[in-house]
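Below, each chain spelled out in residue letters.
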Amino acid sequence: RCVGLQDATAADRLFEQPTVLLANASGSLVNVASSGGHLVTVSLVEGTAGAEGAALQAFLTGTRKVAVVDGVARFTDLGISKEAQGLRFQFTVDEECCVEAGNTLGG
């Protein structure tokens, strides 16, 4: 169990929700239009849940795709529906957002 989350149960929303900052090689936020429909997608990887692929993704609850607004993607309702250890989030960026904004992510 996580320290400070003794009362948490499977399927509860995460205590702290992820925020993804999209920065270019210079460290500046990638400023894409909020109306452009550019998305960041979250998925689960690894862990000791005894599942993989689509079965593992079924453990993730909440909105899995969020819009990039002013270089920031904020997730607000993610949760894990099954007790497990070692799960990690993987975030995937719609690469068109960076090409349109004239940026390259990560260098």
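Residues numbered from 1 in each chain as written. Predicted model: local features only at pLDDT ≥ 70, side-chain atom pairs only at ≥ 80, totals over all residues. Heavy atoms only, no water.

1. Some thoughts on the overall build of the protein
At step 1: Along its length, the protein carries two helices and seven strands.
At step 2: Helices and strands in the protein line up, N terminus first, as β-β-α-β-β-β-β-β-α.
At step 3: For the protein, with 107 residues in total, the buried portion stands at 27%.
At step 4: Long-range pairs, those at least 24 residues apart, make up 68% of the contacts in the protein with a sequence separation of at least 6. (Helix = DSSP H or I, 4+ residues; strand = E, 2+ residues; numbered from the N terminus. Buried < 20%, exposed > 50% of the residue type's maximum accessible area, 1.4 Å probe, protein only. Contact = heavy atoms within 4.5 Å.)

2. Brief notes about the pairing of strand β2 (residues 39-45)
At step 1: Of all the seven residues making up β2, five are buried; the element is thus mostly covered by neighbouring parts of the structure.
At step 2: As paired strands, β2 and strand β4 (residues 65-67) are joined by three bridges and run antiparallel to one another. Residue pairing for β4: V40 is matched across the bridge by V66.
At step 3: Where β2 and strand β7 (residues 88-93) come together, six bridges link them in antiparallel fashion. From the neighbouring strand, T41 faces β7, where its bridge partner is T92. (Pairing = 2+ DSSP bridges.)

3. Observations regarding the environment of A51
At step 1: Here A51 shows up in the loop between β2 and α1 (53-57).
At step 2: Since its relative accessible area comes to 23%, A51 is described here as partly exposed.
At step 3: Filtering out sequence-adjacent residues up to four positions away, A51 remains in contact with L56 and F59.

4. Side note on the sheet that holds β2
At step 1: Read from one edge to the other, the open sheet built from three strands follows the order β4-β2-β7, with strand pairing classed as antiparallel. At either end of the open sheet lies a strand with only one pairing partner, and these are β4 and β7. Strand-to-strand twist across the sheet, computed as the mean angle between neighbouring axes with direction ignored, equals 30 degrees. (Axes fitted to C-alpha atoms, helices over the stretch in contact; angles between N-to-C directions.)

5. Points about the environment of A58
At step 1: Tracing the backbone shows A58 in the loop between α1 and β3 (60-61).
At step 2: Note on A58: relative accessible area 49%, which makes it partly exposed.
At step 3: When the C-alpha positions of A58 and S43 are compared, they lie 9.7 Å apart, and in sequence the two are 15 residues distant.
At step 4: If we ignore the near neighbours within four places in the chain, the residues touching A58 are R64 and S81.

6. Observations concerning the packing of aromatic side chains
At step 1: Under the counting rule described, the total for this entry stands at two aromatic pairs.
At step 2: Aromatic side chains F75 and F91 sit 5.6 Å apart centroid to centroid with 50 degrees between the ring planes, which places their arrangement in the tilted category. Of this pair, F75 sits in the loop between β5 (72-74) and β6 (79-80) while F91 sits in strand β7, placing them 16 residues apart in sequence.
At step 3: Using a relative accessible area of 3% as the deciding quantity, one classes F75 as buried.
At step 4: Relative to F91, the ring of F89 has its centre 6.1 Å away and its plane inclined at 45 degrees; by these criteria the two rings are tilted.
At step 5: Using a relative accessible area of 30% as the deciding quantity, one classes F89 as partly exposed.
At step 6: The class of F91 is partly exposed, set by a relative accessible area of 32%.
At step 7: Of the aromatic side chains, those joined through ring pairs into one cluster are F75, F89 and F91. (Phe/Tyr/Trp six-rings, centres within 6.5 Å; stacked < 30°, edge-to-face > 60°.)

These figures come from the coordinates and say nothing about function on their own.
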